[in-house]
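So the chains spell out like this:
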Amino acid sequence: MSASSLKATLHAASRCAVVMALPGFSWTIFLLLCTLEQLGALAIHMEAGRPGLEQSGDSMLLAGGRVKRGWVWNQFFVVEEYTGTEPLYVGKIHSDSDEGDGTIKYTISGEGAGTIFLIDEITGDIHATERLDREQKTFYTLRAQARDRQTNQLLEPESEFIIKVQDINDSEPRFLEGPYIGSVAELSPIAWRPVGSLLPAVSTGSLGRGCWYQVGCPPSVAGLAPAVFSFHEPGCSRAPRMEGTSVMKVMASDADDPTYGSSARVVYSVLEGEQHFTVDSKTGVIRTAVANLDRETQDRYEVVIQATDMAGQLGGLSGSTTVTIVITDVNDNPPRFPQKMYQFSVVETALVGSAIGRVKAEDSDVGENTDMTYQIKDEDGVQMFKVTTDSNTQEAIITVQKPLDYEAKTVHTVVVEALNKFVDPRFVDLGTFRDQTIVRVSVLDVDEPPEFQPPSDLMEVQEDAYVGSVVGVVTALDPDAANNPVRYAIDRNTDLERIFDIDANTGAVVTGKVLDRETAGWHNITVLAMEADNHSQVSRASLRIRILDVNDNPPELATPYEAAVCEDAKPGQLIQTISVVDRDEPQSGHRFYFTLAPEATNNHHFSLLDIQDNTAAVHTQRVGFNRQEQDVYFLPILVVDSGPPALSSTGTLTIRVCSCDSTGAIQSCNSTAYVMSAALSPGALIALLVCILILIVLVLLILTLKRHHKSHLTSEEDEDMRDNVIKYNDEGGGEQDTEAYDMSALRSLYDFSELKGSDSGGGPGDGGMTSNLPSELHALPQWFQNPDLDFSMFRGYISRKVDQADEDLSVPPYDSFQTYAFEGSDSPIPSLSSINTWSTSSEQDFSYLSSWGPRFRQLAALYAGHKGEEESEES
């Protein structure tokens, strides 16, 4: 151990001994810790001295064994940031074999040799020629050689040495991890903590009187942190310090050498914001300085933290940073309604579930601390209204829970309470976290439809009730204060046959038609009640009417019974069991009585036995039957019900005589009649005959109408003359196509009988009309040659048809036309049109018409004949 190391160790031991006289201290632990620290410091010091900065007299291992080194030099240091004009002297290397005669030449090699560091070859003095920065490079490793100047041979083995750059305080602390953003909850507590940070915090109540001391071993030369101890001395009046809630930690870095001096020893302080926050000068932990931080007052702080090196001594460098501290919310504010009373209005016809209004309690907190629930506190409000919470807006939604009635109550007073959903138990002593308000709901009157009283929906009436009989009475009242009169009606969509009527003023439901329970036993109708002055206010009530049964249908045989009896039947043999049906349904049930009809009292062939269970049995009454004498017997049976009144009917049992074998099995009967009767009943035969008769009548009617259509010529007043618009895909057949258009309709406008009469030689006694027609007909082909023709008949007919069509928009128009795009081909007949006739006289020769063939015979007769008559008259 060197002398300096020994001196440091003794100095530390002397400082540790200072506390030996203090009471209440565990000396064993203290001495153990001090010993461990000094042993560590010694080991570090020995490691640091290993390169041999003071190596004069030390030995080293060479290839040939252990030899004594001949180098002599001291520790080399160079101060950084040297600003002088001359090279800075670093140190001197010297060989003990140098006698000062200049025969030895000194050289260096390695980092910075020849550039940063220069050596005097004769004296061995080393100078630094450049400004060095320890923060960039802390030391330089070089090698020294001593050579003979003449022979250039090594006089000493090459040796390595180090030049350390000695630090100065030229770097200020820097906060490299910024910007800093921290958070702390509002109302964070302030706790009592002792001076010794190794002991837990204690409260003032358990502290008592005494002093807290902080002692420890000094730092070693290697820069080891001191061992810190805290203990309490009773009887002292000093109190522990207050520490707030930790917010965050900041750290500043100093580029200076932390192992040399205090250039890199940083302390922290608060430049701005010291009223609310503190910072630990050594650790950089930011804590709250007050316990009443309120987010609602200020939700963030900008705190400026300064870091100063040289342990805060005068002349130290400093740097600062701004720390943003966000105050987080706690649930320390209860909900409060901004108003103590709210007023809403709602119509009395509002449906259940309709929203009346919204109220909201304000909460200065944020986030989930503002989540609220609402409830109704008063009993009346709970029954009539319901309150829910809107999760998005935290509003209370008040809705209708029961139907409202203006006539019953016009104003409802509801007490609504708001309370926080999440309550922090740390702040329950601040007061109740709930608030109440009063909500007044005014019910508005509306014109309501009448209400049926009482709501009975069942009525009964006998099916034999006379038309106009009262079935029941419905009553409806106007619930409004005006109490307007009510009028009644039946919804005819529910009573299309108008079986029932209702008195509009009294509401009495009466029968409108004869009832029949067997047709419809129940009727469901809807009764309308409306205000007399406002028919839009309508109420509906469903009414069920049951038709009560009366005995109005006689009993009938269940089927048209037919039985068979063997020719060799014995007396008393059962041949048929009969039953009956009755469409009535008496409340006491059916009871039928059977007996032979009066017309069968002289019957000696069969007997009837009433079995008393609504059936009867038919037995033979004689020995044997003969089919040759009589093959069919008709037995009339009288059936009577139990009433009241008792009704009866007579049914006929058909009994056929058949031949049977020895076992009684029927072999043959009257096959024709039996098969026919078995295949078709009398009712079916009658229906078949009626259908055949109807078909015959329809056929005759169709033939008659067709014949009448051919022979009938309608009069001028009643005729419905229609022109057919016929479309052809081809061009038509020319003049020879005479089947597509019926000219009989137009021909009926002319009296051809008169034409025939004139042809047969009408004289002057026939009248002027008869004598004039031939001349008019003669001029028809020459349309423009006689402008005096009278077509008033056509004009009148067309006018009447036009008027009929204009008045009745549902019928199609009667006007139509027929066109031909092609006149036909290879026709030898020239045109009959008078358009191309340039003569203004009526004299034309139509004799050529007779050469056109049989198709134009009638036309030739008309024109050629008249031409001949005119010539005879002129002559």
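Residues numbered from 1 in each chain as written. Predicted model: local features only at pLDDT ≥ 70, side-chain atom pairs only at ≥ 80, totals over all residues. Heavy atoms only, no water.

Draft legend 1. Representation of the overall build of the chain. Looking only at helices and strands, the chain features ten helices and 47 strands. A total of 875 residues make up the chain; the buried ones form 33% of that total. The long-range fraction of contacts in the chain, counting pairs at least 24 apart against all pairs at least 6 apart in sequence, stands at 66%. Surface accessibility of the chain: about 52,800 Å² in total, with carbon and sulfur atoms responsible for 54%. (Helix = DSSP H or I, 4+ residues; strand = E, 2+ residues; numbered from the N terminus. Buried < 20%, exposed > 50% of the residue type's maximum accessible area, 1.4 Å probe, protein only. Contact = heavy atoms within 4.5 Å. Areas by Shrake-Rupley, 256 points an atom, 1.4 Å probe, with all protein chains shown as cover.)

Draft legend 2. Fine view of a negative patch on the surface. Residues D405, E407, D445, D447 and E451 make up a contiguous surface patch of negative charge. Mapped onto the elements of the fold, D405 is located in the loop between β27 (396-400) and β28 (411-420). (Patch = residues over 30% accessible without salt bridge, like charges linked within 9 Å, V, L, I, M, F, W, Y side chains within 5 Å. Salt bridge = Lys/Arg side-chain N within 4 Å of Asp/Glu carboxyl O. Lys, Arg positive; Asp, Glu negative; His and termini not counted. Charge placed at Lys NZ, Arg CZ, Asp CG, Glu CD.)

Draft legend 3. Geometry of the nonpolar core. F337, I356, Y374, F385 and V439 are the most contacted members of the largest nonpolar core, which totals 24 residues. Taken together, the elements giving at least two residues each to this core come down to β23 (341-347), β24 (355-359), β25 (372-376), β26 (385-389), β27, β28 and β29 (434-444). (Core = buried A, V, L, I, M, F, W, Y, C linked by side-chain atoms within 4.5 Å.)

Draft legend 4. Layout of the sheet that holds β27. Here three strands make up an open sheet; going across it, the order is β24-β27-β26 and the pairing antiparallel. Where the open sheet ends on each side, the last strands, each with one partner, are β24 and β26. Between one strand axis and the next, the sheet turns through 25° on average, direction left out of account. Sheet analysis places β24 next to β27, joined by four bridges and oriented antiparallel. When the sheet's bridge partners are listed, V359 is paired in β27 with A396. (Pairing = 2+ DSSP bridges. Axes fitted to C-alpha atoms, helices over the stretch in contact; angles between N-to-C directions.)

Draft legend 5. Layout of the packing of aromatic side chains. Tallied over the full model, the rule gives nine aromatic pairs. Among the aromatic residues, those joined into a cluster by ring pairs are F175, Y180 and Y268. Sitting above the plane of the Y140 ring, K137 keeps its charged end 5.3 Å from the centroid. (Phe/Tyr/Trp six-rings, centres within 6.5 Å; stacked < 30°, edge-to-face > 60°. Lys NZ or Arg CZ within 6 Å of the ring centre and 35° of its normal.)

Draft legend 6. Spotlight on the pairing of strand β21 (residues 300-308). Sheet topology note: the strand β18 (residues 267-272)/β21 ladder contains five bridges and is antiparallel. Looking at the pairing, Y268 lines up with A307 of β21. Strand direction decides the pairing type here: β21 and strand β22 (residues 318-328), joined by nine bridges, are antiparallel. Opposite A307, over in β22, you have G319 as the bridge partner.

Draft legend 7. Here's a closer look at the pattern of salt bridges. One pass over the full model with this rule turns up 25 salt bridges. Taking the shortest distance from any N to any O, the salt bridge between D125 and K92 comes out at 3.4 Å. One end of the pair, D125, is in strand β9 (residues 125-128); the other, K92, is in strand β5 (residues 88-92), with 33 residues separating them in the sequence. Overall, D125 belongs to the buried group, its relative accessible area being 18%. Via salt bridges that share partners, R517, E518, D549 and E585 belong to a single interconnected network.

Draft legend 8. View of the state of the cysteines. Using the criterion set out here, one finds two disulfides in the structure. At a sulfur-sulfur separation of 1.9 Å, the disulfide partner of C566 is C660. Between C566 and C660 the sulfur-sulfur dihedral comes to about -90°; the bridge is accordingly left-handed. With C566 in strand β40 (residues 562-566) and C660 in strand β46 (residues 648-660), this pair connects stretches of sequence that are 94 residues apart. Judged by relative accessible area, which is 9%, C566 ranks as buried. Disulfide pairing is shown between C658 and C669; the S-S distance is 1.5 Å. Its S-S torsion of approximately 105° makes the covalent link between C658 and C669 right-handed. Remark: C669 occurs in the loop between β47 (666-668) and α4 (671-679) and C658 occurs in strand β46; sequence separation between them is eleven residues. (Disulfide = S-S within 2.5 Å.)

Draft legend 9. Focus on the sheet that holds β5. Read from one edge to the other, the open sheet built from three strands follows the order β5-β9-β8, with strand pairing classed as antiparallel. The two strands at the open ends of the sheet, each matched to only one other strand, are β5 and β8 (117-119). Each strand axis lies, on average, 30° off the axis of its neighbour in the sheet, ignoring direction. With four bridges connecting them, β5 and β9 associate as antiparallel partners. From the neighbouring strand, Y89 faces β9, where its bridge partner is H127.

Draft legend 10. Structural view of the confidence of the model for the chain. Here the chain averages 76 in pLDDT, and 69% of its residues register 70 or above. Looking at the elements of the chain, mean pLDDT is at its lowest for strand β1 (residues 59-62), recorded as 34, and at its highest for β27, recorded as 96. Predicted confidence is poor over residues 1-69, with pLDDT under 50, and the contacts of this stretch with residues over four places away or in other chains come to 63 contacts. Note that residues 817-824 has pLDDT below 50 and, in this model, 13 contacts with residues that lie over four places away or in other chains. (pLDDT = per-residue confidence, 0-100.)

Draft legend 11. Spatial organisation of the pairing of strand β38 (residues 538-548). Only one face of β38 is covered, namely the face carrying S539, A541, L543, I545 and I547; the face carrying V538, R540, S542, R544, R546 and L548 is uncovered. Pairing of strand β31 (residues 458-462) with β38 involves five bridges; the strand directions are parallel. By the bridge assignment for β38, V461 is matched with I547. Relative to β38, strand β37 (residues 522-531) is paired through nine bridges, and the arrangement is antiparallel. What sits directly across from L528, in β38, is R540.

Draft legend 12. Main features of the side chain of T324. Among the structural elements, T324 can be located in strand β22. Non-local contacts of T324, meaning those with residues more than four positions away in its chain, are made with Y180, I181, G182, R300, Y301 and E302.

Draft legend 13. Region of interest: a nonpolar patch on the surface. On the surface, L688, L689, I692, I696, V699, L700 and L703 cluster together into a nonpolar patch covering about 670 Å² of accessible area. Secondary-structure assignment places I696 in helix α5 (residues 682-711).

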